[in-house]
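Fold and contact review
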Amino acid sequence: MQLLDRITQQPGVMGGKACIRGMRVTVGMIVSQIGAGHSIDEILEDYPYLEREDIMQAIRYAAWRSEEREIELATA
């Protein structure tokens, strides 16, 4: 796995969720924006204090975490 030096977890920040560089922006918030169809450029526009590498590491972190365990999804 590539270095994830921009992803932090602190009990007192956002309930201990994985955040970007200790800010109150969670990995989940970023991944949700991507899932909703927003581009990286749109996210950077909405969150001007973020950098492109912050978003890329959030995506890599989420992908890594999703590989840790399987979650059974409901079938249609």
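It should be noted that the structure appears before, not after, this text.
This section reports on the structure supplied with the text. Keep in mind that this is a model prediction, so the values were computed, not measured.

With respect to the overall build of the chain
On a plain count of helices and strands, the chain comes out with three helices and two strands. In sequence order, the chain lays out its α and β elements as β-β-α-α-α. Put simply, of all contacts in the chain between residues at least 6 apart along the chain, 41% involve residues at least 24 apart. Accessible surface, the chain: about 5400 Å² in total, of which carbon and sulfur atoms supply 52%.

Observations regarding the nonpolar core
Core analysis: the largest hydrophobic core is formed by 15 residues, its most contacted members being Ile7, Ile20, Val27, Ile30 and Leu50. Every element with two or more residues in this core is listed here: helix H1 (27–35), helix H2 (40–46) and helix H3 (52–66). Non-local contacts of isoleucine 30, meaning those with residues more than four positions away in its chain, are made with Ile20, Val25, Ile43, Leu50, Ile55 and Ala58.

Re the packing of H1 against H3
At their nearest, the axes of H1 and H3 sit 9 Å apart, and the two run at 95 degrees to each other. What the angle tells us is that H1 and H3 run roughly perpendicular. For the pair H1 and H3, the contacting residues are Val27, Ile30, Val31 and Ile34 in the first and Ile55, Ala58, Ile59, Tyr61 and Ala62 in the second.

Quick look at unusual backbone geometry
Backbone geometry places methionine 14, a non-glycine residue, at a positive phi of 55 degrees. For methionine 14, the position within the fold is in the loop between strand E1 (7–8) and strand E2 (19–20). Among the residues examined, methionine 14 registers a relative accessible area of 26% and is labelled partly exposed. Phi angles above zero are rare outside glycine, and arginine 21 is one such case at about 45 degrees. Mapped onto the secondary structure, arginine 21 falls in the loop between E2 and H1. Look at arginine 21 and you get partly exposed, because its relative accessible area is 36%.

Analysis parameters
- Residues numbered from 1 in each chain as written.
- Predicted model: local features only at pLDDT ≥ 70, side-chain atom pairs only at ≥ 80, totals over all residues.
- Heavy atoms only, no water.
- Helix = DSSP H or I, 4+ residues; strand = E, 2+ residues; numbered from the N terminus.
- Contact = heavy atoms within 4.5 Å.
- Areas by Shrake-Rupley, 256 points an atom, 1.4 Å probe, with all protein chains shown as cover.
- Core = buried A, V, L, I, M, F, W, Y, C linked by side-chain atoms within 4.5 Å.
- Buried < 20%, exposed > 50% of the residue type's maximum accessible area, 1.4 Å probe, protein only.
- Axes fitted to C-alpha atoms, helices over the stretch in contact; angles between N-to-C directions.
- Parallel < 35°, antiparallel > 145°, perpendicular 65-115°, else oblique.

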